[in-house]
Amino acid sequence: MTSPPPPGPQLLGPLLAQLRLARGWSQLRVAAELCAASGVPTLSRHEVSRWERQQRVPGEFWLGWLAVVLAVPVDLLTAATARTRRLAPPPAFGGSRPRAALLALAQRWLADPRAALLPGPPARSAGAGDDAGRPAGRGLPDSGAAAGGRVGPVRLAELRRLDDLVGGADLAGFGAHRLARAVRALSGCGPAARPRLLLELAESAQLAGWLAADAGDAAGALHAYRLALRAAATAGDPALAGHVLGSASHLLSGVGDPEGALVLARTAYAGARRSAGPGLRALLLHRVALATALGGRAGAARQALDAARRMTDAPEAGREPPWLYWLDGTELAAMAGRTLVALGRPRAAEAPLHAVRRRGPRTSAVYGAWLARGYLQLGEVERACAVAGEALLDAVRAGSPRALGQLADVRRRLAGHGDEPAVRRYRALAASAAPYLPRPGPPPGPAGGRAPAGRTARRPPGGATGSTPTG
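Residues numbered from 1 in each chain as written. Predicted model: local features only at pLDDT ≥ 70, side-chain atom pairs only at ≥ 80, totals over all residues. Heavy atoms only, no water.

Enquirer: What is the right way to look at the nonpolar core in this model?
Expert: One broad trend across soluble globular proteins is that nonpolar side chains are buried collectively. Leu201, Tyr225, Leu229 and Leu407 are the most contacted members of the largest nonpolar core, which totals 116 residues. Leave out the neighbours within four places in its chain, and Leu201 touches Leu118, Leu179, Ala182, Val183, Leu186, Leu227 and Ala231. Within the second largest apolar cluster, 21 residues are counted, among which are Ala31, Cys35, Trp62 and Leu70. (Core = buried A, V, L, I, M, F, W, Y, C linked by side-chain atoms within 4.5 Å. Buried < 20%, exposed > 50% of the residue type's maximum accessible area, 1.4 Å probe, protein only. Contact = heavy atoms within 4.5 Å.)

Enquirer: Would you mind going over the packing of helix α17 (residues 361–377) against helix α18 (residues 381–398) with me for this structure?
Expert: The axes of two packed helices give the description: the angle between them and the distance between them. Relative orientation of the contacting elements α17 and α18 amounts to 160 degrees, with a least axis distance of 8 Å. It follows that α17 is roughly antiparallel to α18 by the angle criterion. As α17 runs across α18, the sense of the crossing is left-handed. For the pair α17 and α18, the contacting residues are Pro361, Arg362, Ser364, Ala365, Gly368, Ala369, Leu371, Ala372, Tyr375 and Leu376 in the first and Val381, Arg383, Ala384, Val387, Ala388, Ala391, Asp394, Ala395, Arg397 and Ala398 in the second. (Axes fitted to C-alpha atoms, helices over the stretch in contact; angles between N-to-C directions. Helix = DSSP H or I, 4+ residues; strand = E, 2+ residues; numbered from the N terminus. Parallel < 35°, antiparallel > 145°, perpendicular 65-115°, else oblique. Left-handed = near helix turned anticlockwise from the far one by under 90°.)

Enquirer: For this particular structure, what's the right way to read the packing of aromatic side chains?
Expert: Pairs of aromatic rings are described using the distance from one ring centre to the other and the angle between the two planes. With the rule as written, the count across this model stands at 2 aromatic pairs. Ring geometry for Trp51 versus Trp62: centroids 6.3 Å apart, planes at 50 degrees, classification tilted. Taken together, the positions of Trp51 in helix α3 (residues 45–52) and Trp62 in helix α4 (residues 60–70) put the pair 11 residues apart, joining distant regions of the chain. Geometrically, the ring pair formed by Phe61 and Trp62 is edge-to-face, given 4.9 Å between the ring centres and 80 degrees between the ring planes. Using a relative accessible area of 15% as the deciding quantity, one classes Trp62 as buried. Lying over the aromatic face of Tyr325, Arg161 brings its terminal NZ or CZ to 3.8 Å of the ring centre. (Phe/Tyr/Trp six-rings, centres within 6.5 Å; stacked < 30°, edge-to-face > 60°. Lys NZ or Arg CZ within 6 Å of the ring centre and 35° of its normal.)

Enquirer: Could you clarify how one ought to interpret helix α14 (residues 298–311) in this entry?
Expert: Note on helix geometry: an α-helix contains 3.6 residues per turn, so any two residues three or four positions apart are oriented the same way. Look at α14: 20 Å from first C-alpha to last across 14 residues, which is about the 20 Å you get at 1.5 Å a residue. Taken residue by residue, α14 has Ala301, Ala304, Leu305, Ala307 and Ala308 as its buried positions. Buried residues of α14, seen end-on, are gathered within an arc of 165 degrees and therefore sit on one face of the element. Seen from the buried face of α14, the exposed residues on the opposite side, beyond 90 degrees, are Gln303 and Arg310. (Expected span 1.5 Å × (residues − 1). Arc of directions from axis to C-beta.)

Enquirer: Explain the side chain of Glu380 to me, please; I cannot follow it from the model alone.
Expert: When you line up the elements, Glu380 lands in the loop between α17 and α18. There is a polar contact of 3.0 Å between the side chain of Glu380 and the side chain of Arg347. Residues contacting Glu380, with those up to four places away along its chain left out, are Arg347 and Tyr375. (Polar contact = N/O pair within 3.5 Å; in protein donor to acceptor, adjacent residues only side chain to side chain.)

Enquirer: Would you explain the pattern of salt bridges in this entry?
Expert: Where charged atoms from two side chains of opposite charge come close, those side chains can pair. Evaluated as defined, the whole model comprises 24 salt bridges. Glu259 is paired through a salt bridge with Arg297; the nearest N and O atoms lie 2.9 Å apart. Here Glu259, found in helix α12 (residues 258–272), pairs with Arg297, found in the loop between α13 (278–294) and α14; they are 38 residues apart in sequence, far enough to count as distant. Residue Glu259 is classed as partly exposed on the basis of its relative accessible area of 29%. The partner of Glu390 in a salt bridge is Arg357, with the nearest N and O atoms 2.7 Å apart. Placement of Glu390 in helix α18 and of Arg357 in the loop between α16 (346–356) and α17 is noted, with a sequence separation of 33 residues between them. Each of Asp163, Asp214, Arg362 and Arg402 takes part in one network of salt bridges that share partners. (Salt bridge = Lys/Arg side-chain N within 4 Å of Asp/Glu carboxyl O.)

Enquirer: I would appreciate a short explanation of α4 in the present structure.
Expert: Of all the positions in α4, only Trp62, Leu63, Leu66, Ala67, Val69 and Leu70 are classed as buried. Against the buried residues of α4 lie α1 (12–22), α2 (27–38), α3 and α5 (74–86).

Enquirer: Please clarify how the packing of helix α6 (residues 96–111) against helix α11 (residues 238–254) should be interpreted in this entry.
Expert: Viewed as axis vectors pointing N to C, α6 and α11 meet at an angle of 150 degrees, and their least axial separation amounts to 12 Å. By the criterion of interaxial angle, the relationship of α6 to α11 is roughly antiparallel. You can see that α6 and α11 cross each other, and the crossing is left-handed. Here α6 contributes Arg99, Leu102, Ala106 and Trp109 to the contact with α11, which in turn contributes Pro238, Ala241, Gly242, Leu245, Ala248 and Leu252. Class assignment of the residues belonging to the contact of α6 with α11 gives a composition of 8 nonpolar, 1 polar and 1 charged. (Nonpolar A, V, L, I, M, F, W, Y, C, P; charged D, E, K, R; others polar.)

Enquirer: Just to check I follow, could you spell out the confidence of the model for the chain for this structure?
Expert: Detailed reading of predicted coordinates is not advised where the pLDDT is low. Across the chain, the average pLDDT comes to 82, with 82% of residues at or above 70. In the model, residues 121–154 has pLDDT below 50 throughout and makes 76 contacts with residues more than four positions away in sequence or in other chains. Of the regions scoring below 50 in pLDDT, residues 445–468 engages in 75 contacts with residues more than four places distant in sequence or in other chains. (pLDDT = per-residue confidence, 0-100.)

Structure below.
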């Protein structure tokens, strides 16, 4: 029996699904009831499905009849509709459909964390449609050329460690290949192996999403994160599900969507906090802090930062899951520094952002961009240009379009200082580095002898020298 909708703000799609399931109705039954009540015979179950997946928002006419048919106050639906419309993605972000589907699935998970969100039986799992109508395995490379061998914890750990050394532009194809293998393994397994393979699928999809995001493929990353959430929820691992949503929140923060990022971060923390260790709880609170700061909610951001500090300064060994091996006190302090820059407090952020940049090129590029923004806030243009130049070269070394994207805001802010010599030197450096910059986009995959990550620009010798996954 599906529980009634949880208290607190909800988006319209998940709310409609909860109300429908609480009555034991199908989407076809809802459509029939709406047609009978309104006297409009043309509404189909497909339109109800689009509402629940948040691909469309019903107008005032249908909101009124939904309230009648589902026996709820129309104000409840109107408020949920307003929240959903406020979450419209910014024009520059092209992943609106996978984003809407992930937001809806996240609230569905929070309402019923024990629900099996990945359909069965196991033999049908690989081809089952997801919440946006996209097959779970569609678009994933199918070749043994990338990372051979069986799907298993050791191989997955190796790919994670490669992410310490190589950026998404080089690894995203391998991550997609690993995910395709995990989907196939689950589709052919028996009941005894299913719990283990569900977790492997969830971890593979989370890592594939992370690598796709680092390669600049936001839509592909959101598709992978949605599959990861479904697998983690079906496996009964709320901590991993929360980590998946936290990763997706971080992606949305980076593409200029703080409202969507905040919904995912708060959902992640609410759903995972009882089973998560202190390190993961602190990480999810930092996701909340960054999203609120970028959304202009300074008070809420400071509260989240304070809560994260109270949680832990440094995760203890053995208390966190293996997939969180990269998180430590230095990384958490740098996350706090990034949020402080977003809050307009750059001086307090200077030391932790400097400290974390010793860890490798991608980390230096991502956090260096934030440090450069902080120096610009302080009016120290020459120091900002010096740090931004180092970050630009590190983005090339790392092969990370995401790291390069962090410098876009710095470039815009430097436009007002075009006559200064430091700015002219930085622009000259950017022009000379242009042929080597990693370019964002989905990878073509490892099949057919093509480069596994779809790098389209040349790269100078002396590549990545090591970095950690940057939170």
